[in-house]
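Secondary and tertiary structure notes
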Amino acid sequence: MRKKILLLATIGALCVLSIAGCGKKKQETSVDSASLSKIEISEEVNTETSTEINNEVTDPEDEKSKEVVDEEKNVTSDSASTEASVSDSEENQEDEKKEEVKEVKDTLTDAEYVLLYNKILKRTYNIIMDEDYWDHVGEGEIGIAEVIAENDNRLSDVIYCLEDVNKDGSKELFIINKKYNYILAAYTLVDNSPLLFIEGWARNAYYYLGDGMFGYIGSGGASSSAVGTFKASDDCKSLEVVDFYFSDFDNLYHNTNGEWTPSSSEKIDWDYDKLWAYADELKARTIALDFTTMAEYGAELKSEDANSQVIIAWARDVLTDASVFDDVIIDKNDYTSKIVFSCKSEVMDFKILQLELKDFDENEEISFDVVEVYAKHLLNRDKLVVATVSFAGDIPNYGFSYIDDNGDERKFAIYESGKDGTLDLYEFK
């Protein structure tokens, strides 16, 4: 019992010293190690004794402090709960806003997306029509310049497609080399402005595989080639590497960082045959998308300039195997060409006209004698009209007419541009 009283007295003294020192900031309270060594704790002190000791030395001020701490914990907990609730609410509101934006974007027509991407499309068309295109090539346009240099069918071999790559309700713009089916440039909309996220060319080719996935085939020289797959990021502002295989002389490597660096890659037991077989597989998986040729886009630009609802273009530039049309043969000589008539919105009383120059007036306005050679009650986008005609000299000898939305008859002469060989329109009375 004496040992127990001695122990309680010693602990009580230490507690008094400790409490006395609590009122001084930055003051260090130390206990002499020699004094601690003199404290004798009997092996007879069991768990029950320890509990009794703890109860006997509990200070009322400590109880108040504990209550304050508990209250602070409750307040902190309530505050955290409130903050979490506010945070959840804000996240829900943000999700709702995103869903609203998605719904708005989902309601846009392809024609409205063309307006949003029109800066890019018009720039692409102007480069194709520019004789000194290499002097004006900028970001995202290297592959386009390559297509122009390769062939004379530049307007039909450069096409554009609209596709919602990351399924956020907004469509991306692909500009594609139709002949080889790889992407020349890809853009997404950020605050309704185009942002380039893919630039491709012959030795750096991307192929769309669907569901936000892209195949890649590239070359860094005779001893270095690469094949891989990429995935569009959630915001579609960039591509993320899925798998990347490349050669370095006779060795082949794999990584997921997209770098042509053996030191950061895994050497694999592949040969070139297997690498190119994988490349062929990716090409075969390429998704075919609905497209518009740059010839069609240019024809629409010219119809807008002429304020015409009817659009004309050379058949060779715009017709596909899937095109549905009425075939109208007007001329049968050895110098005929095929012209496609389409429209932005349906028009009434469409007619193809044969023209003969009548007069120039003092304001240089041209007038023609006209003969109707074909008539269609309603011209719409579902069925084109393809006419076989011939052009004789620089003076227009064919044209068309229709009734516009105001009920007025509009008449246009068709002629071939001396600058680039495309078809132009001239409205006459």
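How each quantity is defined
- Residues numbered from 1 in each chain as written.
- Predicted model: local features only at pLDDT ≥ 70, side-chain atom pairs only at ≥ 80, totals over all residues.
- Heavy atoms only, no water.
- pLDDT = per-residue confidence, 0-100.
- Contact = heavy atoms within 4.5 Å.
- Helix = DSSP H or I, 4+ residues; strand = E, 2+ residues; numbered from the N terminus.
- Buried < 20%, exposed > 50% of the residue type's maximum accessible area, 1.4 Å probe, protein only.
- Pairing = 2+ DSSP bridges.
- Axes fitted to C-alpha atoms, helices over the stretch in contact; angles between N-to-C directions.
- Expected span 1.5 Å × (residues − 1).
- Salt bridge = Lys/Arg side-chain N within 4 Å of Asp/Glu carboxyl O.
- Parallel < 35°, antiparallel > 145°, perpendicular 65-115°, else oblique.
- Nonpolar A, V, L, I, M, F, W, Y, C, P; charged D, E, K, R; others polar.
- Phe/Tyr/Trp six-rings, centres within 6.5 Å; stacked < 30°, edge-to-face > 60°.

1. Some details on the confidence of the model for the protein
When pLDDT is averaged along the protein, the result is 81; 75% of the residues meet or exceed 70. Considering only residues more than four positions removed or in separate chains, one finds that residues 1-60, a stretch of pLDDT under 50, has 21 contacts.

2. Quick look at the side chain of Ser225
When you line up the elements, Ser225 lands in strand E7 (residues 224-232). Given a relative accessible area of 7%, Ser225 falls into the buried group.

3. What to know about the sheet that holds strand E17 (residues 384-390)
Strand order in this open sheet of four strands is E12-E14-E17-E13, and the pairing throughout is mixed. Of all the strands in the sheet, the pair left with one neighbour each is strand E12 (310-314) and strand E13 (325-329). Each adjacent strand pair in this sheet contributes to an overall mean axis angle of 25 degrees, direction not counted. As judged from the six bridges shared by strand E14 (residues 336-343) and E17, these two strands associate in the antiparallel manner.

4. Considerations on helix H10 (residues 294-305)
For H10, which comprises 12 residues, the first-to-last C-alpha distance of 16 Å matches the rise-based estimate of 16 Å (1.5 Å per residue) to within 8%. If you check which residues of H10 are buried, you get Met294, Ala295, Tyr297, Gly298, Ala299, Leu301 and Ser303. Phi turns positive, to about 60 degrees, at Asn307, one or two residues after H10.

5. Observations concerning the pattern of salt bridges
All told, the structure shown has 11 salt bridges when counted by the stated rule. Across the pair Lys302 and Asp424 runs a salt bridge, and its minimum N-O distance is 3.0 Å. Taken together, the residues span a long stretch of sequence, with Lys302 in helix H10 and Asp424 in strand E20 (residues 423-428) at a distance of 122 residues. What makes Asp424 buried here is its relative accessible area of 16%.

6. Notes on the packing of helix H6 (residues 118-129) against H10
Helices that pack against each other are described as a pair by the angle of their axes relative to one another and the distance between those axes. Running from N to C, H6 and H10 cross one another at 105 degrees; their axes reach a closest spacing of 10 Å. Classified by the angle between their axes, H6 and H10 sit roughly perpendicular to one another. Every residue of H10 that contacts H6 at Asn118, Leu121, Lys122, Thr124, Tyr125 and Ile128 is listed here: Met294, Tyr297, Gly298, Leu301 and Lys302. Of the residues in the contact of H6 with H10, the class split is six nonpolar, three polar and two charged.

7. Here we look at the pairing of strand E19 (residues 409-416)
Alignment of strand E18 (residues 398-403) against E19, held across six bridges, turns out to be antiparallel. Its bridge partner lying in E19, Tyr402 is registered against Arg410. In this structure, E19 lies alongside E20, joined through six bridges in antiparallel fashion. Its bridge partner lying in E20, Ile414 is registered against Leu425. Hairpin remark: E19 followed by E20, antiparallel, with six residues in the connecting loop; positive phi at Gly421, about 80 degrees.

8. Looking at the packing of aromatic side chains
Taken as a whole, this structure holds 26 aromatic pairs when the rule is applied. Measuring from ring centre to ring centre gives 5.5 Å for Tyr245 and Tyr278, while their planes differ by 80 degrees; the resulting arrangement is edge-to-face. Of this pair, Tyr245 sits in strand E8 (residues 239-248) while Tyr278 is found in helix H9 (residues 272-284), placing the two residues 33 residues apart along the sequence. An identical accessibility class is assigned to Tyr245 and Tyr278; each is buried. Their ring planes at 80 degrees and their centres at 6.2 Å tell us that Trp270 and Tyr278 sit as a pair that is edge-to-face. Here Trp270 and Tyr278 have matching classes, each one buried. An aromatic cluster of at least three residues, connected via ring pairs, comprises Tyr206, Tyr216, Phe230, Phe244, Phe246, Tyr253 and Trp260.

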